[in-house]
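Chain by chain, the residues:
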Amino acid sequence: MRKILLRLRVNGAHHEVAVRPSATVLDVVRDTLHLTGTKRGCDMGTCGCCTVLVDGRARLGCLTLAAEVEGCEVRTIESLREGEQLHPLQSAFAECGAAQCGFCTPGFLMTCSALLSRTPTPTPEQVKDAISGNLCRCTGYTKMYEAIDRAAAQMRTEPAREPELSSREAVSGGSR
Amino acid sequence: MPPRPRRPRPLSVVGTSPPRLEGAAKVAGTARYVDDLEFPGLLLGRTIRSTVPRGELLGWSMGRRPRGLHVVSAADIPGRNAIALLEPDQPCLVRREIRHAAEPVLLLAHEDRDALASVAVELRERPRKAQLDVRASRSFCKEILIEKGNLSRGFARADRIVEGEYTTGHQEQLYVETQGVIAVPEKDGVTIYGSLQCPYYVQKALVELLSLPPERVRIIQVETGGGFGGKEEYPSMIAGHAALLALKSGRPVKLVYDRSEDMLATTKRHPSIVRHKTGVRRDGSLTAMQIDVLLDAGAYVTLSPVVLSRGVLHAAGPYRCEDVQILGRAAMTNTPPNGAFRGFGAPQTQFAVEVHMERIAEALGIDPLELRRRNALRPGDTTATGQRLGADCSALPCLESAVRRSRFVARRRAIEKHNAKARVSGGPLRGIGLALFFHGSGFTGAGEVKLASRAALELTPTGARILVASTEIGQGTRTILSQIVAEELGWPLSRIEVADPDTREVPDSGPTVASRTCMIVGEILRRCAQSLKRALGRMTPRQYLAKNGPLVVTEQYDRPKSMHWDDVHYRGDAYGAYGYGCDVIELEIDPVTAEVRPAEVTAVQDIGRAIHPVLAAGQIEGGTAQGIAFALAEEVVMRDGRMANAQLTNYAVPTPLDTPPMQVEILEFPYGHGPFGAKGVGEMPIDGPSPAVVNALRHAGLDIRDIPAVPERIAGLVDSMRGAAT
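Model, not experiment: these values are computed from the prediction.

Scanning chain A from N- to C-terminus turns up five helices and five strands. The secondary structure elements of chain A, listed N-terminal to C-terminal, are β-β-α-β-β-β-α-α-α-α. Considering only intrachain contacts with a sequence separation of at least 6, the fraction spanning at least 24 residues in chain A is 61%. Taken as a whole, chain A presents about 6,900 Å² of accessible surface, with 49% of it coming from carbon and sulfur.

What follows concerns the overall build of chain B. Along chain B, the regular secondary structure elements total 18 helices and 28 strands. Principal-axis analysis of the C-alpha atoms gives chain B an extent of 75 × 75 × 50 Å. Taking all 726 residues of chain B together, 65% fall into the buried category. Of all intrachain contacts in chain B linking residues separated by at least 6 positions in sequence, the fraction that spans at least 24 positions is 83%. Once the 90 positive and 83 negative side-chain charges of chain B are each reduced to a mean point, those two points are 3 Å apart.

Here the focus is the domain arrangement of chain A. All names here are of chain A. In terms of domain boundaries, chain A breaks down into domain 1 (4-79) and domain 2 (88-166). The gap between the C-alpha centroids of domain 1 and domain 2 is 21 Å. Taken together, the contact pairs 16 residues of domain 1 with 16 residues of domain 2. Together domain 1 and domain 2 conceal approximately 1,400 Å² of surface at their shared face, both sides included; 63% is due to carbon and sulfur atoms. For the pair domain 1 and domain 2, the interface holds zero salt bridges. The interface formed by domain 1 and domain 2 contains two residue pairs in polar contact (both at pLDDT 80 or more). Along the lines of polarity and charge, the residues of the side of domain 1 that touches domain 2 split into five nonpolar, seven polar and four charged.

So, about unusual backbone geometry. All names here are of chain B. Going from Ile-707 to Pro-708, the amide bond is cis rather than trans, its omega being 5 degrees. Its place among the elements puts Pro-708 in the loop between β28 (706-707) and α18 (711-725). A positive phi angle, close to 65 degrees, is found at Ala-102, a residue other than glycine. Of note, Ala-102 is situated in the loop between β4 (97-98) and β5 (104-110). Here the phi dihedral of Ser-211 falls at roughly 55 degrees; this positive angle occurs in a residue that is not glycine. With respect to the element layout, Ser-211 can be found in the loop between α4 (199-210) and β11 (217-221).

Turning our eyes to something else, we now look at the environment of Cys-398 of chain B. All names here are of chain B. Note that Cys-398 resides in helix α10 (residues 395-405). When the C-alpha atoms of Cys-398 and Leu-436 are compared, they prove to be 8.0 Å apart, with 38 residues separating the residues in sequence. Once you skip the residues sitting within four places of it in the chain, Cys-398 turns out to touch Tyr-580, Gly-581, Cys-582, Val-604, Asp-606 and Leu-667.

Right, let's talk about the sheet that holds strand β1 (residues 43-49) of chain B for a bit. Residues and elements named next belong to chain B. The strand order β3-β5-β1-β12-β9-β10-β11 describes an open sheet built from seven strands, whose pairing is mixed. Each edge of the open sheet carries a strand with a single partner, namely β3 (70-72) and β11. Looking at each pair of strands side by side, their axes are set apart by 25 degrees on average, direction ignored. In the sheet, β3 pairs with β5 via three bridges, with the strands oriented antiparallel. Across the sheet, the residue bridging to Val-71 is Leu-108, located in β5. Across the sheet, α4 touches β10 (189-194) and β11, and the angle it forms with β11 is around 150 degrees.

To continue, consider the pairing of strand β17 (residues 454-459) of chain B. All names here are of chain B. In this structure, β17 lies alongside strand β20 (residues 552-556), joined through five bridges in antiparallel fashion. For Arg-454, the partnering residue across the bridge sits in β20 and is Gln-556. Between the antiparallel neighbours β17 and strand β18 (residues 464-467) lie four residues.

Formed by 99 residues in total, the largest nonpolar core has its most connected members in Ile-326, Ile-589, Leu-697 and Ile-714 of chain B. Take this core: its biggest share by element is eight residues, from helix α8 (residues 346-364) of chain B. Not counting chain neighbours up to four residues away, the residues in contact with Ile-714 of chain B comprise Ile-589, Ala-594, Val-596, Leu-697, Leu-702, Ile-704 and Ala-709 of chain B. Counting residues in each nonpolar core, the second largest holds 53 residues, with Leu-80 and Ala-98 of chain A together with Met-263 and Leu-648 of chain B among its members.

The next thing to look at is helix α16 (residues 613-632) of chain B. Turn by turn, an α-helix covers 3.6 residues, leaving residues three or four places apart pointing in a common direction. Helix length check: α16 of chain B, at 20 residues, gives a terminal C-alpha distance of 29 Å against a target of 28 Å (1.5 Å per residue), a fit within 8%. Buried residues dominate α16 of chain B, accounting for 18 of its 20 residues.

This paragraph deals with the pattern of salt bridges. All names here are of chain B. Tallying each qualifying case throughout the model produces 64 salt bridges over all chains. One salt bridge connects Glu-172 with Lys-268, and the closest N-O pair in it is separated by 2.9 Å. In this pair, Glu-172 is assigned in the loop between β8 (160-168) and β9 (180-186) and Lys-268 in the loop between α6 (259-265) and β13 (272-280), connecting sequence segments 96 residues apart. For Glu-172, a relative accessible area of 0% translates into the label buried. Its relative accessible area of 3% is what places Lys-268 among the buried residues.

What follows concerns the packing of aromatic side chains. Residue and element names in this part refer to chain B. For the coordinates displayed, the defined rule picks out eight aromatic pairs over all chains. With a centroid separation of 5.2 Å and an interplanar angle of 15 degrees, the aromatic rings of Phe-438 and Tyr-578 are classed as stacked. Here Phe-438, found in strand β16 (residues 429-441), pairs with Tyr-578, found in strand β23 (residues 577-589); they are 140 residues apart in sequence, far enough to count as distant. Each member of the pair, Phe-438 as well as Tyr-578, carries the same accessibility label: buried. Three or more aromatic residues link up through ring pairs in this structure, and these residues are Phe-438, Tyr-575, Tyr-578 and Tyr-580. If you follow Arg-495 out to its NZ or CZ, it ends over the ring of Trp-491, 4.0 Å from the centre.

Think of interface size as the accessible area that goes away when the parts come together; that is how it is often given. Chain B puts 51 residues into the contact, and the matching count from chain A is 46 residues. Taken together, both faces of the contact between chain B and chain A bury some 3,800 Å²; the carbon and sulfur share is 57%. The largest contributions to the chain B side of the interface with chain A come from Val-27, Val-176 and Pro-656 of chain B, which together make up 19% of the buried area. The interface formed by chain B and chain A includes six salt bridges. We note a salt bridge from Lys-143 of chain A to Glu-621 of chain B, for which the minimum N-O separation is 2.9 Å. One can count 21 residue pairs in polar contact (both at pLDDT 80 or more) joining chain B with chain A. Put simply, the parts of the chain that give the side of chain B that touches chain A at least two residues each are α1 (23-28) and α16 of chain B. Top contributing element to the side of chain B that touches chain A by residue count: α16 of chain B, with eight residues.

This paragraph deals with the side chain of Glu-261 of chain B. Its place among the elements puts Glu-261 of chain B in helix α6. Look past the residues within four positions of Glu-261 of chain B in its chain and what remains in contact with it is Thr-47, Arg-49 and Thr-266 of chain B.

The rules behind the values
- Residues numbered from 1 in each chain as written.
- Chains lettered and ligands numbered in written order.
- Predicted model: local features only at pLDDT ≥ 70, side-chain atom pairs only at ≥ 80, totals over all residues.
- Heavy atoms only, no water.
- Helix = DSSP H or I, 4+ residues; strand = E, 2+ residues; numbered from the N terminus.
- Contact = heavy atoms within 4.5 Å.
- Areas by Shrake-Rupley, 256 points an atom, 1.4 Å probe, with all protein chains shown as cover.
- Buried < 20%, exposed > 50% of the residue type's maximum accessible area, 1.4 Å probe, protein only.
- Lys, Arg positive; Asp, Glu negative; His and termini not counted.
- Charge placed at Lys NZ, Arg CZ, Asp CG, Glu CD.
- Domains from an automatic or database assignment.
- Buried area = accessible area lost by both parts, 1.4 Å probe.
- Salt bridge = Lys/Arg side-chain N within 4 Å of Asp/Glu carboxyl O.
- Polar contact = N/O pair within 3.5 Å; in protein donor to acceptor, adjacent residues only side chain to side chain.
- Nonpolar A, V, L, I, M, F, W, Y, C, P; charged D, E, K, R; others polar.
- Pairing = 2+ DSSP bridges.
- Axes fitted to C-alpha atoms, helices over the stretch in contact; angles between N-to-C directions.
- Core = buried A, V, L, I, M, F, W, Y, C linked by side-chain atoms within 4.5 Å.
- Expected span 1.5 Å × (residues − 1).
- Phe/Tyr/Trp six-rings, centres within 6.5 Å; stacked < 30°, edge-to-face > 60°.
- Lys NZ or Arg CZ within 6 Å of the ring centre and 35° of its normal.

This is the structure in structure tokens:
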């Protein structure tokens, strides 16, 4: 099968990958780069498990062609913490019980990090709207709202960690 | 006065909410699920499935075969071609007879995903007339009759007789991680890495299928992205398939379903038809309950007899009545087999009884709240099987607390005023409804005695290591079991480790189902901790190990002496303990789209003791969201015995936008034989929301008796109601 050569920047590192022209960002990060923190939940843009950041914006990895993100900065869940230091969202999700089975968690965290970098003090409606493209079957979402509030409060008291992320909003590439 | 919750002694670990033990890995993205695992020489598997709901397989043909393709058919099965569970009726691969669409026929494996997908297989099937109507089916895999008192005496004492029929549809578990396993061929057997709830169920099935001794079939549960019952029995099927491919090819095989295949082929909640005929006196007291329960089992038995059992045992709801008859039947149809889903029959039958209670109140012209107060089970009352309830029977406290917290009476009055105006103006209608429910923890009747579960604790230099086959599937098994052990030993949580569920390492602590992990396995572990403490005396673990060598303490399930069950007549103590709950749901109906928007939910549940209050509340919130969607949104559309909407675009599970704020209150009426008083919590939360929703719709003026009440159905009712009003 014909393959194309792409130059991608993922989590700050440069990669040259040979992939099918139809390969998605999800295919590349999971299968080629072995960054398996990004999950495949439906492969058709309905669950949000594969959410990654493309130039600071939350995108569905399964609906975004890898060829589209050449020249962009792609960030996956693996880059959210700094070394062993969890991102405030990650700590808050762990502490508040916002992660149960954990399979949807990376997608939610990436969506929320895009939200909070753009909107440090989101209203409950903004939070709900931002995560409306992500599905969780375990929690009923209640504990997520608590966790997002807690992380937002903590981030406001700390200097911003990711100034390089041009922060724009929510999910593109189709959400339900 | 109802008994007050009592607190036996101050606790330091139980009752606190530390972060879940594997939480850091989950939020960091480093937790490894099946599809994240790699093995050298790994092949990918694919399943070829029947296209007709009933018929005969005459043969198959295959287009171009890529080099390195491996094919497995029923002829390759070394042992018995059956998934060993309750009955050996379900084949692992179709040999000749096809009983449902999407039944597995052939297995393929190849190292390249594209090459694998390119293989064209044509099945030659001779269709036969399929039975797709459960009401018309005369083939029953199980019948259960429960009789208490004398039904005709009960009806004779009644002032009124109220009848009703209530139905529920399929529901898909929709764990966010689809079913998946990896089978690795070993020198003399096979190892399975899987997303699953019950390692020893899978082992039992593979021993039969592969004709291998148990010690050569090793099952390891890896991080599992949700189960809700869907990974109770089905993993035996998919693990069987991967194992057959691995043994034939001599290479590791990964079989992970895509979402659509998962929805088409795997088990769902049993659809139900429940009929009630109830005798009541003018004051609202129940004199007779005659209940007929019919479940659609689908094409094979799977767990249907036990789902039916739990269904009938909860069919009378948490109500007192001396003259009761409950007849349950599970009928076979040519649809994919239904199986375990959180609640396991109880959500279906309690939907019926709780909606029926509302109709009884209506028929008598009394307040439905008063009707429930009058009839709710109290300590000392007996259930339909004659089980006498102890001091932990908390139906009334749950009801009163939910009514108080939700300001039910005031809200109901305010809504009625609002609706009187809305009916004229065409604005959104509102409704508030409640449901009272209960849920038995653990296996039914003598089930726990038969399981005879074992759990073990191993002394480590720094503390203790838990050895159980009970799996973490998101509900918090690792954390709460560690808390129980730490509490009993008087150690901090950090000194407790948990072994991975691996049949080579851990004893069979039974399946992770039936709200039994905390109450049953937790109690066995608490007793292990007690024995360990005794063995240690005043020594530290290090001192003990230096002096005496390794120490593993094993304990087995111990039946409470007062518990008795007669499985022939369905009499006696059906469950060791019951949790109780009351949900109040307020909702609004969009006048244009007929969408129902739950606005506020109050869930009060007695779980004996919250080992970890945050995780317990998480179970209640998640189960409640699933229960609301069961009533309003999750519709499995079956066409010719095949799910027509097998994808997330048109099978609607609740998103954040669909899920209302929830107010959860946990009550603690301790159970003497549960660890620190704990009962089960996993399943009960899904019993209450669907009747509470439908009762709220009734309050808004809509007569719904069948769920899911999707907007298409609501719209017709709203239109006809407005027509009647103008």
